[in-house]
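Each chain is listed here by its residues.
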Amino acid sequence: MMVAKNSIKLLVVFILALTSFSVSAQNDEVANNLIDSPKEISDYIAHHLKDSHDFHLFTDNSSGTHYSMPLPVIVWTSNGLKTFMSSAFHHDDNGTVIVDKGDAQLVKYHSKIYELENGATALNFDDKHHPTNASKVIDFSITKSVFGMIITGIIMLLLFGGLARGYKKGNGIPKGVSRVLEPLVIYVRDEIARPNIGEKKYRKFMGFLLTVFFFIWILNMLGLTPLGFNVTGQIAVTACLAIFTMIIYLFSGSKDFWAHTLWMPGVPYVLRPILAVIELVGFVIIKPFSLLVRLFANITAGHFIVMSLIALMITLKASFGPVVSTGMSLALTLFIMVIEVLVAFLQAFIFTMLSALFIGMAVEEHDAH
């Protein structure tokens, strides 16, 4: 089914508006914070790539006031569960602000929350600048990445809910956003699931493949906004996605799959145990690792390049002047942002394609050949 021209125009306008808004907002944030040295720029990029307990919007340099959107902090301490808003830390990340929760004193240091030992009034550090009088808590907080995943889940429920309701009503042609959504669903089915898993068994795994594809794609698109999302650039998130894929293909493996993996036919008996170990390492470690690293590395590299190009307006200001340096930074960043929109889709496609390929290898019936 062809996508309506109006839907294509709307998508193009959205992409252009998204990239323009992202570049201008990030440039304003760099300017407002007066980041003008290589070290400060490097620290700013590292801060952008990391997860955090709040959304930092901007800083008023005249008053030193930080403006941010706080998120819930939920931690398990030695004295039980503690909950409060991240604004209690007053945007401090150096362990100087102590949040007193009765029987627990909490500080935040380098985006990690620590519980001070009894009687301690400040963090102490060793030679490597690691806290010595505090211990990490079990953190269940709603961070930026968790908030982004919740938003993505809500978006997916609304999108697929509307598409499902349209089919239940017997509407042959989807309306609205469903016109864009349906071709993508058909694409995942016909170009990813069917060729890699097979005509007989692909339906069983369509729910997972569609979820992974749209989950990664929407998260990647959110990462291009000025909100600072870098969810798929967090290795913990990509590792969880890869583990889900591994669990599915290991538990869905056919008898032929396990027979060929653990006791490979057609080779000398002496080599079979060695090959079994190699195959197991490949399916349990190497394949999931390739999934998680590819997604994590590409998204992180994309964010790093965009932020570095934005910083050109500062590093080149002395040589070319503010107008030329800002123009160069804006042009290059917009160019990379458009490419990043394509990468957002491409990485979702590659992760889904490889997941379908690994599942297809596990459920394949070898005796049919």
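Definitions and cut-offs
- Per chain, residues are indexed from 1 in the order of the written sequence.
- Given that this is a predicted model, residues contribute local features only at a pLDDT of at least 70 and side-chain atom pairs are listed and counted only at 80 or more, while totals for whole chains, interfaces and linings are drawn from all residues.
- Side-chain descriptors were evaluated using all non-hydrogen atoms of the structure, hydrogens and water having been removed beforehand.
- UniProt positions are given in the numbering used here, feature names are shortened, and annotations may be inferred rather than shown by experiment.
- Patch building starts from residues that exceed 30% relative accessible area and form no salt bridge, then joins like charges within 9 Å and nonpolar side chains (Val, Leu, Ile, Met, Phe, Trp, Tyr) within 5 Å.
- For the area figures, the Shrake-Rupley method with a 1.4 Å probe applies, and any residue is considered shielded solely by the protein chains shown.
- One speaks of a salt bridge when a side-chain nitrogen belonging to Lys or Arg is within 4 Å of a carboxyl oxygen belonging to Asp or Glu.
- A run of H or I in DSSP counts as a helix once it spans at least four residues, and a run of E counts as a strand once it spans at least two, with each numbered from the N terminus.
- When DSSP finds two or more bridges between two strands, those strands count as paired.
- To pair, rings of Phe, Tyr and Trp, with the six-membered ring standing in for Trp, must have centres within 6.5 Å; the planes then decide the type, stacked if under 30 degrees apart, edge-to-face if over 60, and tilted in the middle.
- Definition used: whenever NZ (Lys) or CZ (Arg) falls within 6 Å of the ring centre and also within 35 degrees of the ring normal, the charge is taken to sit over that ring.
- Residue types Ala, Val, Leu, Ile, Met, Phe, Trp, Tyr and Cys, when buried and joined through side-chain atoms within 4.5 Å, form a set referred to as a nonpolar core.
- When accessible area is computed with a 1.4 Å probe and restricted to protein chains, residues below 20% of their type maximum are described as buried, those above 50% as exposed, and intermediate ones as partly exposed.
- Pairs of residues are marked as contacts when any of their non-hydrogen atoms sit within 4.5 Å.
- When charges are counted, Lys and Arg are positive and Asp and Glu negative, with His and the chain ends excluded.
- For charged residues, the charge sits on one atom: NZ in Lys, CZ in Arg, CG in Asp, CD in Glu.

For the protein, an unreviewed UniProt entry supplies the name ATP synthase subunit a and the organism Bizionia algoritergicola. Among the UniProt annotations of the protein, the heading Sequence similarities (unreviewed entry) holds the following wording: "Belongs to the ATPase A chain family." Under the Function (unreviewed entry) heading, UniProt states for the protein: "Key component of the proton channel; it plays a direct role in the translocation of protons across the membrane."

In this section: a nonpolar patch on the surface. Residues Leu-262, Trp-263, Tyr-269, Val-277, Leu-280, Val-281, Val-284, Ile-285 and Ile-286 make up a contiguous nonpolar surface patch of about 850 Å² in total accessible area. At six residues, helix H8 (residues 272–310) tops the list of elements feeding residues into the nonpolar patch. With respect to the secondary-structure elements, Ile-286 resides in helix H8.

Taken together, the four strands give an open sheet; going across it, the order is E5-E6-E7-E8, and neighbouring strands pair in antiparallel fashion. Strand pairing shows two members of the sheet lacking a second neighbour, strand E5 (99–100) and strand E8 (134–136), which therefore form its edges. Inspection of the sheet shows E5 paired to strand E6 (residues 105–109) by two bridges, in the antiparallel sense. Its bridge partner lying in E6, Val-99 is registered against Leu-106.

Now for the packing of aromatic side chains. If you walk through the whole model with that rule in mind, you get 16 aromatic pairs. Measuring from ring centre to ring centre gives 4.9 Å for Phe-257 and Phe-283, while their planes differ by 85°; the resulting arrangement is edge-to-face. Of this pair, Phe-257 sits in helix H7 (residues 255–262) while Phe-283 is found in helix H8, placing the two residues 26 residues apart along the sequence. The structure contains a cluster of three or more aromatic residues connected by ring pairs, namely Phe-160, Phe-213, Phe-214, Trp-217 and Phe-345. One residue, Lys-287, lies across the ring of Phe-283, its end atom 4.5 Å from the ring centre.

In this structure, Ile-197, Phe-214 and Tyr-249 are the most contacted members of the largest nonpolar core, which totals 67 residues. Here this core takes 16 residues from helix H5 (residues 202–222), the largest share from any one element. What Tyr-249 contacts, discounting residues up to four positions off in sequence, is Phe-283, Lys-287, Pro-288, Phe-358, Ile-359 and Ala-362. Residues Val-75, Val-99, Leu-106 and Ile-113 belong to the second largest nonpolar core, which totals eight residues.

The buried fraction of strand E7 (residues 112–116) amounts to four of the five residues, a majority that puts the element mostly inside the structure. Bridge count between E6 and E7: four bridges; the pairing is antiparallel. Bridge pairing in E7 links Leu-106 to Glu-115. Strand direction decides the pairing type here: E7 and E8, joined by three bridges, are antiparallel. Residue pairing in the sheet places Leu-116 in a bridge with Ala-134 of E8.

So, about a positive patch on the surface. Residues Arg-165, Lys-168, Lys-169, Lys-175 and Arg-179 make up a contiguous surface patch of positive charge. With respect to the element layout, Lys-168 can be found in helix H3 (residues 144–168).

On the basis of which strands lie adjacent, the open sheet formed by three strands has the order E4-E3-E9 and antiparallel pairing. Two strands close off the open sheet at either side, each with one partner strand: strand E4 (80–85) and strand E9 (138–139). Pairing geometry for strand E3 (residues 72–77) and E9, over two bridges, is antiparallel. Across the sheet, the residue bridging to Val-75 is Asp-139, located in E9.

Let us now look at unusual backbone geometry. Positioned with a positive phi, His-91 is a non-glycine residue whose angle comes to about 60°. Within the fold, His-91 resides in the loop between E4 and E5. With relative accessibility at 24%, the residue His-91 sits in the partly exposed group. If you check the backbone angles, His-129 has positive phi at about 65° while not being a glycine. Within the secondary structure, His-129 sits in the loop between E7 and E8.

Let us look at the UniProt feature "transmembrane region" (unreviewed entry) in the protein. UniProt annotation of "transmembrane region" (unreviewed entry) refers to residues 146–164, 205–225, 231–251, 263–286 and 292–313 when read in the numbering used here. The span residues 146–164 carries 100% helix and 0% strand; its end-to-end C-alpha distance comes to 26 Å. Within residues 263–286, the helical portion is 62% and the strand portion 0%, while the C-alpha atoms at the span's ends are 20 Å from each other.

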